[in-house]
Amino acid sequence: MPEPLIEVDALTKEYRVHERAPGVVAALASVLRRKYKIARAVDALSFSIGAGERVGFLGPNGAGKTTTLKVLSGLLHPTSGTVRVAGFDPRRREHPFLRNITLVMGQKQQLLWDLPPADTFILNRAIYDLPEREYQETLGELTELLERGDLAERPTRQLSLGERMKCELVAALLHRPKVLFLDEPTIGLDVSMQVTLRDFIRRYNERFGATVLLTSHYMDDVTALCPRVIVIDKGRLTYDGDLQALAHRVRPHKRVRVRREDGREETVDVPQSELKARVTQLLAERGIADLTVEDPPLEEVMRELFMEKRTTT
Amino acid sequence: MSLRSTLKAYPTLLRVGLAEAVAYRAEFLVWMLTMTMPLVMLALMSAVAREAPIGRFDQNGFVSYYLTTLIVRQMTGAWVVWELVREVREGTLALRLLRPIHPLVGHSADSLAAIPMRGLIVLPVAVIMLIATSGHDVTHDPWVVVIFLASLGGAWLLNFAVSATIGTLALYMESSMSIWELWLGCFMIFSGYLLPLELFPPWLERFARLLPFAYLQAVPVEILTGMHDRTSALHQLGAQYAYAAAAVLVMALVWRRGVKRFAAFGG
Amino acid sequence: MRRYLRLFAVQLRASIELALQYRVDFFVGGAMALFWLFWNLVPMVVVWGRRPTIAGWGFWEALLVVAWFTLLRGVLEGAVQPSLVQVVEHIRKGTLDFVLIKPADAQFLVSTARFEPWRGLDSLGAIALAVYALHRLGRVPAPGEVAIALLLTIAACALLYAFAILVVSAAFWVVRLDNLIYLFNSVFDAGRWPSTVFQGAWRVLFTFVVPLALMTTYPPLALLGRLKVSTAIAGLAGAVAFVTMARLIWLRAIGHYTSASS
């Protein structure tokens, strides 16, 4: 494993949440005395990621993924524990650190709404103080990777969500960051646009050797991009390792799909150990038109993983 | 939406509105502080009247004029225009339209529900005024006080209808806030908010009294500070409600057309 | 430093581009600015119509104060507040995060994000007003007096900026901020009257708490040759202290944001 670029050790992040019941009386009561509750978003989380890795960061809603990303990018301070990214303490938000990272949030945008994306690019060029030649070069390369065309000339508000997201990525990558934090970058996009963005992220990672930490609700994103996944639930680490191994551990079954000549289809989940015998047996049957063996879909694996976790805690 | 179901829902709307006003009390307080302009004008005009009274106003006269102005403004202001413009811009108006209650009715409940909170702040002002001027410049006729209270209702209705109308214009044009600013600018001068209309040159005062602005501020203030007897006060009240009714009518028309447009072009 | 100048230029250019995109607004805004300039004189004309001087201020002298008020309001609404509104949007939408992960000073980035160029007309009108008032008074200020007035005006702009930063900082704690902007505007509006007209608590408020006196009354006094040098120096020192304080509070606010928010 290469030298770790991101190191998280026993990270805990707590919020103070203001509580209030509905209604006038409760509202008046809260004027006099505010009640607070401590909510622990991230709980003693530890992991490390090497340079150039692409890691999927998974967990149900409210598991603490976004909080962790924000801590890693220096937007939130940890309650306890230590975090190091590219040799820096993110909390101090030193400029050399900020030049090394980028954050893309699928639900929020940094592009100037009423101006063409090109203006945001120029602004970022000035902010990151990029030399003209390097800027043009990167812009050209990113444009080519994204097959972006002339999108940058129209005001952002007139672009479609997919076009906007492409430009969003260009704006976020102009300074060639070494670490990419991507929070649901493909949310709301259609399937072909998801594929385009995925390819782009992978190619950027390969060309610049950048490290990618990605959260997504689309398991296809993760399957296509991330050899390794980190799974958290209620702020705690539940799995860290190979995606395939995770699938095997939770679901030690293979899914065998059979289509008969009369058009009927059936699906059987078969334990790994019995797979060979079962397939041979099935193939020996008459009237089998097609037979496929596949892993169960990742969505199912995740659902099972979180259910399992719930019942054991 | 039937009238009955609206009436049935209204108390709940008011209760929720009040809870909101209490929950956002810090913001609310700040909002109210923006209306302290009469105090600045009071300080200024007291300096002007230090040596000799101006018109019928001596220093005490200005105290009761401007404190009453403050009370009227606090109790009758309506800012639905902000809410409407925001809802149109953010597209949340569509959600409101889906509810089985007229959006403007909902907004009127929000506006009315804030009045008790405002009253809490206005009450001490009223007490201070009575003590400071020993009640000298305030009407002693109970019926005129009743007419004053009724005129507060009329002023609120007129304020709300205009505010809602201009807010609804956001459905037609981008720059409805400029119109609101224009309205506010005219309000400042012609309503008696900054200066009593009586201090204007006579021709300007006559002109100002023809406009609706005077009925928002000057008329209620003058009624309470004893400038009108019963009959004259009733006449003013009638004119005020006529203006308010006309404004409500315009509001309803503008709203209906605006929503049709909204439905046709999708905002 | 040069980098920040360039950044400033880029942001200004984007604002101009934006203003040109909404050309109608540009002209309407300009026309409105001039209209308000004269409209706002109405209360003054009425008040001074009743008395030749008020607390030692003649009409044309008071007009000089109005000129400074208009000039500073142009600065406030053209250069300071538009950015403020942007920050509010950022906080509401949660996109302030994007500003905070940029390798440049966040205060600089947010406070230069947006300008409204046509407000420059306000300032031009104000200067014309001031020149006319001085002409009617038959007074030609000495170079030293002009220099002091200029210095005080710069301090006044810095004060406005510091106030804006304070308001933005407050936004990290208070949810709804548009109110604070309006509160500030309505307090600032008192600056159209000479501060020495006010007495007692009001005078203290407008001199020390919200230093309107320094902003709109001292520069005209300097031009009229009535400002004591010690007052001018105290005013300048106060402005520096105020700006420093605003910066410290901003840093605290950012710290609060990153340690507490979600």
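## Quick look at helix H4 (residues 117-127) of chain A
- For H4 of chain A, the tally of buried residues reaches nine of eleven residues, placing the bulk of the element in the interior.
- For H4 of chain A, the elements touching its buried residues are helix H5 (132-146) and helix H6 (161-173) of chain A together with helix H1 (2-21) and helix H6 (106-111) of chain C.
- Positive backbone phi, approximately 55°, marks Asp129 of chain A, located one or two places after H4 of chain A.

## A look at the sheet that holds strand S1 (residues 4-19) of chain A
Residues and elements named next belong to chain A.
- Taking strand neighbours across the sheet as the criterion, the three strands line up as S2-S1-S4 in an open arrangement whose pairing is antiparallel. Each of the sheet's edge strands pairs with one partner strand only, and the pair in question is strand S2 (35-50) and strand S4 (80-85). Sheet twist, expressed as the average angle between the axes of neighbouring strands with direction ignored, equals 25°.
- With twelve bridges joining them, S1 and S2 adopt antiparallel strand pairing. Within S2, the position partnered with Tyr15 by the bridge is Ala39.

## Re the interface of chain C and chain B
- Taken together, the contact pairs 30 residues of chain C with 38 residues of chain B.
- The largest per-residue losses of area from chain C upon contact with chain B belong to Trp39, Arg50 and Arg51 of chain C, which jointly make up 19% of the total buried on that side.
- The tally of links between chain C and chain B comes to zero salt bridges.
- Residue assignment for the side of chain C that touches chain B shows that the elements contributing at least two residues are helix H2 (23-39), helix H3 (42-50), helix H9 (178-188) and helix H10 (200-209) of chain C.
- Residue composition of the side of chain C that touches chain B, by class: 21 nonpolar, three polar and six charged.

## Overview of the pattern of salt bridges
All names here are of chain A.
- Summed over all chains, the structure comprises 37 salt bridges over all chains.
- Here Glu14 and Arg40 are joined by a salt bridge, their closest N and O atoms 2.6 Å apart. Linking Glu14 in strand S1 with Arg40 in strand S2, this pair joins segments that are 26 residues apart in sequence.
- Using a relative accessible area of 24% as the deciding quantity, one classes Glu14 as partly exposed.
- According to the relative accessible area criterion, Arg40 is partly exposed, its value standing at 47%.
- Three or more residues are tied together by salt bridges with common partners; here these are Glu14, Arg40, Asp43 and Arg236.

## Description of the nonpolar core
- With 255 residues, the main nonpolar core has Leu72, Val85 and Phe181 of chain A as its most contacted residues.
- Here this core takes 15 residues from helix H4 (residues 59-93) of chain C, the largest share from any one element.
- A domain split of this core shows at least three residues from each of domain 1 (4-10 + 47-247) and domain 2 (252-312) of chain A.
- Setting aside anything within four residues of it in sequence, one finds Leu72 of chain A in contact with Ile6, Val8, Phe47, Val83, Val85, Pro90, Phe97, Phe181 and Leu213 of chain A.

## A look at the interface of chain A and chain C
- Counting residues at the interface gives 33 residues for chain A and 31 residues for chain C.
- Overall, the association of chain A and chain C removes approximately 2900 Å² of surface from exposure, summing both partners, and the carbon and sulfur fraction of that is 58%.
- Interface area lost by chain A to chain C is led by Leu75, Leu115 and Ile127 of chain A, which between them contribute 19%.
- Joining chain A to chain C, the criterion identifies three salt bridges.
- Where chain A touches chain C, the interface holds five residue pairs in polar contact (both at pLDDT 80 or more).

Reading the values: the criteria
Residue numbers here run from 1 along each chain, matching the order of that chain's written sequence. Working convention: letters from A go to chains and numbers from 1 go to ligands, in the order in which they are written. Predicted model: local features are reported for residues with pLDDT of at least 70 only, side-chain atom pairs are reported and counted for 80 or more only, and whole-chain, interface and lining totals are derived from all residues. The basis for every side-chain value is the complete set of heavy atoms in the structure, and neither hydrogens nor water enter the calculation. Whether a residue is buried, partly exposed or exposed follows from its accessible area with a 1.4 Å probe, protein chains only, as a fraction of its type maximum: under 20%, in between, or over 50%, in that order. Secondary structure elements are taken from DSSP: a helix is a run of H or I of four residues or more, a strand is a run of E of two residues or more, and numbering for both begins at the N terminus. The contact rule is simple, with two residues in contact once any of their heavy atoms fall within 4.5 Å. When DSSP locates at least two bridges between a pair of strands, those strands are taken to pair. Only the stretch in contact is used when fitting a helix axis, every axis being a line fitted to C-alpha atoms; angles between N-to-C directions are given from 0 to 180 degrees. Values labelled buried area give the accessible surface lost by two parts on being combined, using a 1.4 Å probe and summing over both. Only one rule defines a salt bridge in this text: a Lys or Arg side-chain nitrogen within 4 Å of an Asp or Glu carboxyl oxygen. The nonpolar class holds Ala, Val, Leu, Ile, Met, Phe, Trp, Tyr, Cys and Pro. Asp, Glu, Lys and Arg form the charged class, and all remaining residues, Gly among them, are polar. For this analysis, a nonpolar core means a set of buried residues of the types Ala, Val, Leu, Ile, Met, Phe, Trp, Tyr and Cys, connected via side-chain atoms within 4.5 Å. Per the annotation, domain bounds derive from an automatic or database assignment of domains. Contacts described as polar in this section are N or O atom pairs within 3.5 Å, which, within protein, must combine one atom able to donate a hydrogen with one able to accept it, while residues neighboring in sequence count only if both atoms come from side chains.

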